[in-house]
Amino acid sequence: MEYYDYSDLLDNNRRWVDETLKRDPEYFAKLAEGQHPPFLYIGCSDSRKPLNTITQTRPGEVFIHRNVANQISLTDMNLLSVLEFAIESLKVKHVIVCGHYGCGGVTAAYRGTATGLVENWVTPIKDLALVHKDELNELSTEEDRLNRLSELNVLAQVRNLCKTSILHRAFARGDYPQLHGWIFAIRSGLIQEQQLPLGNWKELGLIPKDYPGS
Ligand code: CO
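Only a predicted model underlies this, so the values are computations on that prediction, with no experimental measurement involved.

Asks: I tried to follow the domain arrangement of the protein on my own but got confused; where do I start?
Replies: With domains assigned, the protein is organised as domain 1 (1-33) and domain 2 (37-203). Domain 1 and domain 2 are separated by 30 Å when their C-alpha centres are compared.

Have a look at this one:
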């Protein structure tokens, strides 16, 4: 792994601006006019999954929020502000929660090794591991258990999205943003879509009965 010097970041930026303007002299003038991204992405802060790179999206195309282990906490003003702005002002069509295998937050929660504020932050994942203890214990290696816990974490966080007042208001308006759960597999570079138990969530009243999909 090659690390940059700090000054390289600014040099890279100037080179990128020069190259971009060579291709399109109006690029930044157009970008400055405003944003209409159709996607809200909520992912882990891990440096190995830069969304724009792994999905080949460009500036202006994805509204982004990231935190340790992609948590949707109903008391997190930062997350809730991003979600409200994305749904009500930007009117995004898709909300994506993306976790990843090899997530340090999930591992620390599972092993009980998190320290400092992160220990508090990942407590919901610790609780999730306890709820799914039997399923996880049937898996033969710790890596398999951590991978499954990462998947369960994504599903739990998409489920939490459905409990926010912001989505309740959207549903009441008949505005149904499409919800997605992703796992990014760092070893392959591939995004794996998780099957959301929409039928079950409809039965529980978490999403409207006429929400598309089952
Ligand atoms: Co992570």
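Alright, that's what it looks like, and here's the rest.
Asks: How should the coordination of the cobalt ion be read in this particular structure?
Replies: For a metal bound by four donors in a tetrahedral arrangement, the ideal donor-metal-donor angle is 109.5 degrees, while six donors in an octahedral arrangement ideally sit at 90 or 180 degrees. Protein coordination at the cobalt ion: the donors are Cys44 (SG), His100 (NE2) and Cys103 (SG), at 2.0 to 2.3 Å from the metal. Ordering the donors of the cobalt ion by residue number gives the pattern C-x55-H-x2-C. Each member of the pair, His100 as well as Cys103, is classed as buried.

Asks: Would you mind going over the packing of helix 4 (residues 77-89) against helix 10 (residues 165-173) with me for this structure?
Replies: Two quantities define a packed helix pair, namely the angle between the axes and the distance from one axis to the other. One can describe the packing of helix 4 onto helix 10 by two numbers: an axis separation of 10 Å at closest approach and a directional angle of 20°. In terms of axis orientation, helix 4 runs roughly parallel to helix 10. Two packed elements cross with a definite hand, and for helix 4 against helix 10 that hand is right-handed. Every residue of helix 10 that contacts helix 4 at Leu80, Leu83, Glu84, Ile87 and Glu88 is listed here: Ile166, Leu167, Arg169, Ala170 and Arg173. Taken together, the residues that form the contact of helix 4 with helix 10 break down as six nonpolar, no polar and four charged.

Asks: Sorry, what's going on with a nonpolar patch on the surface here?
Replies: Taken together, the side chains of Tyr4, Tyr6, Leu9 and Leu10 define a hydrophobic patch exposed on the protein surface, amounting to about 490 Å² of accessible area. Within the element layout of this structure, Leu9 appears in helix 1 (residues 6-23).

Asks: What exactly am I supposed to notice about the sheet that holds strand 4 (residues 178-185) here?
Replies: Where strands meet in a sheet, backbone hydrogen bonds hold them as pairs that are either parallel or antiparallel. Spatially, the five strands line up as an open sheet ordered 2-1-3-4-5, and their pairing is mixed. Every interior strand has two partners, whereas the edge strands, strand 2 (62-67) and strand 5 (190-194), have only one. Shown here is a sheet whose adjacent strand axes are inclined to one another by a mean of 25°, direction ignored.

Asks: I tried to follow the nonpolar core on my own but got confused; where do I start?
Replies: If you look at soluble globular proteins, the nonpolar side chains tend to sit buried side by side. Among the nonpolar cores identified, the biggest contains 33 residues, and Leu40, Val95, Leu161, Leu179 and Trp201 are the most heavily contacted of them. If you list the elements that add at least two residues to this core, you get strand 1 (39-44), helix 4, strand 3 (94-100), helix 9 (142-161), helix 10, strand 4 and helix 11 (198-203). A total of six residues in this core trace back to one element, the largest contributor, which is helix 4. Membership of the second largest hydrophobic core comes to 16 residues, among which are Val106, Ala109, Leu149 and Leu152.

Asks: Whenever I open this one, the environment of Pro50 confuses me. Can you help?
Replies: With respect to the helices and strands, Pro50 occurs in the loop between strand 1 and helix 3 (51-54). In the structure, Pro50 is positioned 113 residues away from Lys163 in sequence and 27 Å away in space, judged by C-alpha atoms.

Asks: When you look at helix 10 in this model, what are you seeing that I'm missing?
Replies: Because an α-helix packs 3.6 residues into every turn, residues spaced three or four apart end up facing the same way. The complete set of buried residues in helix 10 reads Ile166, Leu167, Ala170 and Phe171. All buried residues of helix 10 fall inside an arc of 130° around its axis, so they share one side. Buried residues along helix 10 sit in contact with helix 4, helix 9 and strand 4. A positive backbone phi angle near 80° is found at Gly174, which sits one or two residues after helix 10.

What counts and what doesn't
Residues numbered from 1 in each chain as written. Predicted model: local features only at pLDDT ≥ 70, side-chain atom pairs only at ≥ 80, totals over all residues. Heavy atoms only, no water. Domains from an automatic or database assignment. Donors = N, O, S within 2.8 Å, 3.2 Å for Na, K, Ca; no water. Buried < 20%, exposed > 50% of the residue type's maximum accessible area, 1.4 Å probe, protein only. Axes fitted to C-alpha atoms, helices over the stretch in contact; angles between N-to-C directions. Helix = DSSP H or I, 4+ residues; strand = E, 2+ residues; numbered from the N terminus. Parallel < 35°, antiparallel > 145°, perpendicular 65-115°, else oblique. Left-handed = near helix turned anticlockwise from the far one by under 90°. Contact = heavy atoms within 4.5 Å. Nonpolar A, V, L, I, M, F, W, Y, C, P; charged D, E, K, R; others polar. Patch = residues over 30% accessible without salt bridge, like charges linked within 9 Å, V, L, I, M, F, W, Y side chains within 5 Å. Areas by Shrake-Rupley, 256 points an atom, 1.4 Å probe, with all protein chains shown as cover. Salt bridge = Lys/Arg side-chain N within 4 Å of Asp/Glu carboxyl O. Pairing = 2+ DSSP bridges. Core = buried A, V, L, I, M, F, W, Y, C linked by side-chain atoms within 4.5 Å. Arc of directions from axis to C-beta.

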